[in-house]
Amino acid sequence: MSVTLDTMVDTLKAAAESSRLRILTLLSRGDLTVSDLTEILGQSQPRVSRHLKLLLEAGLIERYQEGSWAFFRLSDGERTHGFVQGLVAGIDKADGQHSRDLERLEDVKRKRQERAAHYFSANAASWDEIRTLHAPDRAVEAALLKLVGKRPFQSMLDLGTGTGRLLEIFAPLYRRGIGIDMSREMLAVARANLDKAGVANAQVRQGDIFSPPVERDSFDLVTIHQVLHFLDDPARAIHEAARLLRPGGRLLIVDFAPHGLDYLRSEHAHARLGFSDRQIADWLAEAGLELEETQEFEPRGASKAGLTVKLWLARDRRLLIADPNSEIQAARETA
């Protein structure tokens, strides 16, 4: 995408200052708050805020609110993102200031991980109880990777991202990943996990699965992993997810088959006791998607008192023939 000369000059001016270039370098490695940046840069909050304001006005970064916290990230635009990455790549890794910034960034991330670990340990017993009722996570994750395949794609959205695990396992495939979750505590866990795994091409945001803060027709893969059974209106969630797919994009759903474990309603806030293939297929069809494949995993030891995990993979019926980067077009050219 081309830009006017004046716009390019303004962009270069915004980036052409040492503190602002340091900020761009830090944000290229993950989303940060003003407090994070103040701690890393060793500057006052008003000064850091001023730099952020100029970068925002130039369209190099974006701001989003998460409860009382404001986070900053690099702009999602491909032109801007590529421009910033090019600048950052040219910085000498042996530069003393650059090295100190990265050391302080690691301290900030370590503190995040400690807070996330505390929250996770406080809730681990509840999650572990559910895990004992169904097939091991590794078996399900291996199936997910096989279903999606090895072909790289542009963008992924994980609705109800939780710990960010799906963003982590699919990171080698996508260029840009986004996770959405309503819980600030879970977003903290997800950020810590992505930092620990070295995933720099994904970010997480607070948002409602019924109205996610992302653009429509933007994603090659949308995932909904163990979320639908918490919702009063899962059909609506599927419909909203379908609107976020690019033509030919795929929706991957992971949830439980119908079961009779009624205590999961009162003790674990499950609104639905699983879903049948017919239910999911009907909802997908109503959303304009075509069900391509289903898989299921029996509970551990095939226990009748356990939970059967189901995978449903669907595709948007529209074809994006003109886009040379689309998965469908690439498949045709290599056929």
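Computed from a predicted model, the values in this text were never measured in an experiment.

## Considering the overall build of the protein
- Regarding its fold elements, the protein presents 13 helices and 10 strands.
- Out of the 335 residues in the protein, the part that is buried amounts to 48%.
- Across the protein, every contact between residues at least 6 apart in sequence was considered, and the portion connecting residues at least 24 apart equals 67%.

## Focus: helix 3 (residues 34–41)
- With 6 of 8 residues buried, helix 3 is to be regarded as a mostly interior element.
- What helix 3 keeps buried is the set Val34, Asp36, Leu37, Thr38, Ile40 and Leu41.
- Once helix 3 finishes, glycine 42 follows within two positions and takes phi at roughly 70°, a positive value.

## Describing the pairing of strand 4 (residues 153–159)
- Within strand 4, 7 of the 7 residues are buried, which leaves it mostly tucked inside the rest of the structure.
- Where strand 4 and strand 5 (residues 174–181) come together, 6 bridges link them in parallel fashion. Within strand 5, the residue paired with serine 155 across the bridge is arginine 176.
- In terms of strand pairing, strand 4 meets strand 7 (residues 219–225) through 4 bridges, oriented parallel. Its bridge partner lying in strand 7, leucine 157 is registered against valine 222.

## Some thoughts on the nonpolar core
- The biggest cluster of nonpolar side chains holds 31 residues, and the ones touching the most others in it are Leu144, Met156, Phe170, Tyr174, Leu252 and Leu311.
- When contributions to this core are tallied by element, the ones reaching two or more residues are helix 7 (137–148), strand 4, helix 8 (165–169), helix 9 (184–197), strand 6 (202–206), strand 8 (245–256) and strand 10 (309–316).
- The dominant element in this core, judged by the number of residues it contributes, is helix 7, at 5 residues.
- Dropping the residues within four chain positions of it, leucine 252 is found in contact with Leu144, Leu147, Val148, Phe170, Leu221, Val222, Thr223, Ile224, Trp312 and Leu313.
- Counting 29 residues, the second-largest nonpolar core is a separate cluster that includes Leu231, Ile253, Trp283 and Trp312.

## Let's talk about the environment of proline 212
- On the secondary structure map, proline 212 appears in the loop between strand 6 and strand 7.
- On the basis of relative accessibility, which here comes to 12%, the residue proline 212 falls in the buried class.
- C-alpha of proline 212 to C-alpha of leucine 157: the two residues are 55 residues apart in sequence and 9.9 Å apart in space.
- Leaving out residues up to four positions away in the same chain, proline 212 has contacts with Leu159, Ile180 and Leu244.

## Here we look at the confidence of the model for the protein
- Mean pLDDT over the protein works out to 84, with 85% of the residues at or above the 70 mark.
- Taken as a whole, residues 328–335 scores under 50 in pLDDT and shows 11 contacts with residues more than four places along the chain or in a different chain.

## Thoughts on the pairing of strand 8
- Counting buried positions along strand 8 yields 12 of 12 residues, so the element is predominantly enclosed.
- For strand 7 and strand 8, the ladder comprises 6 bridges, and the chain directions are parallel. Residue pairing across strands places phenylalanine 219 opposite leucine 245, the latter belonging to strand 8.
- For the segment spanning strand 7, helix 10 (residues 234–244) and strand 8, crossover handedness is right-handed.
- Sheet topology places strand 8 next to strand 10; 7 bridges connect them, and they run antiparallel.

## Description of the sheet that holds strand 9 (residues 289–297)
- Pairing is mixed in the open sheet, where 7 strands are placed in the order 6-5-4-7-8-10-9. Pairing within the sheet leaves two strands with one partner each, and these edge strands are strand 6 and strand 9. The mean inter-strand angle of the sheet, taken between neighbouring strand axes irrespective of direction, is 15°.
- The strands touched by helix 9 within the sheet are strand 5 and strand 6, with strand 6 carrying the most contacts at an inclination of about 170°.
- Against the sheet, helix 10 contacts strand 4, strand 7, strand 8, strand 9 and strand 10, and its axis sits at roughly 150° relative to strand 8.

## Remarks on the packing of helix 2 (residues 18–27) against helix 4 (residues 45–57)
- Between helix 2 and helix 4, the shortest axis-to-axis distance is 10 Å and the interhelical angle comes to 75°. Considering their axes alone, helix 2 and helix 4 lie roughly perpendicular with respect to each other. Together, Ser19, Arg20, Ile23 and Leu24 of helix 2 and Arg47, His51, Leu52, Leu54 and Leu55 of helix 4 make up the contact between the two elements.
- The class makeup of the residues in the contact of helix 2 with helix 4 is 5 nonpolar, 2 polar and 2 charged.

## Examining the environment of arginine 246
- Tracing the chain through its elements places arginine 246 in strand 8.
- Classification of arginine 246 as buried rests on a relative accessible area of 18%.
- With 73 residues separating them along the chain, arginine 246 and leucine 319 place their C-alpha atoms 8.9 Å apart.
- Not counting the four nearest positions on each side in its chain, arginine 246 is found in contact with Gln154, Ser155, Asp217, Ser218, Phe219, Asp220, Asp316 and Arg318.
- Engagement of the side chain of arginine 246 in a polar contact is seen with the side chain of aspartate 220, the distance being 3.2 Å.

What counts and how
Residues numbered from 1 in each chain as written. Predicted model: local features only at pLDDT ≥ 70, side-chain atom pairs only at ≥ 80, totals over all residues. Heavy atoms only, no water. Helix = DSSP H or I, 4+ residues; strand = E, 2+ residues; numbered from the N terminus. Buried < 20%, exposed > 50% of the residue type's maximum accessible area, 1.4 Å probe, protein only. Contact = heavy atoms within 4.5 Å. Pairing = 2+ DSSP bridges. Core = buried A, V, L, I, M, F, W, Y, C linked by side-chain atoms within 4.5 Å. pLDDT = per-residue confidence, 0-100. Right-handed = clockwise from strand over helix to strand, strands pointing away. Axes fitted to C-alpha atoms, helices over the stretch in contact; angles between N-to-C directions. Parallel < 35°, antiparallel > 145°, perpendicular 65-115°, else oblique. Nonpolar A, V, L, I, M, F, W, Y, C, P; charged D, E, K, R; others polar. Polar contact = N/O pair within 3.5 Å; in protein donor to acceptor, adjacent residues only side chain to side chain.

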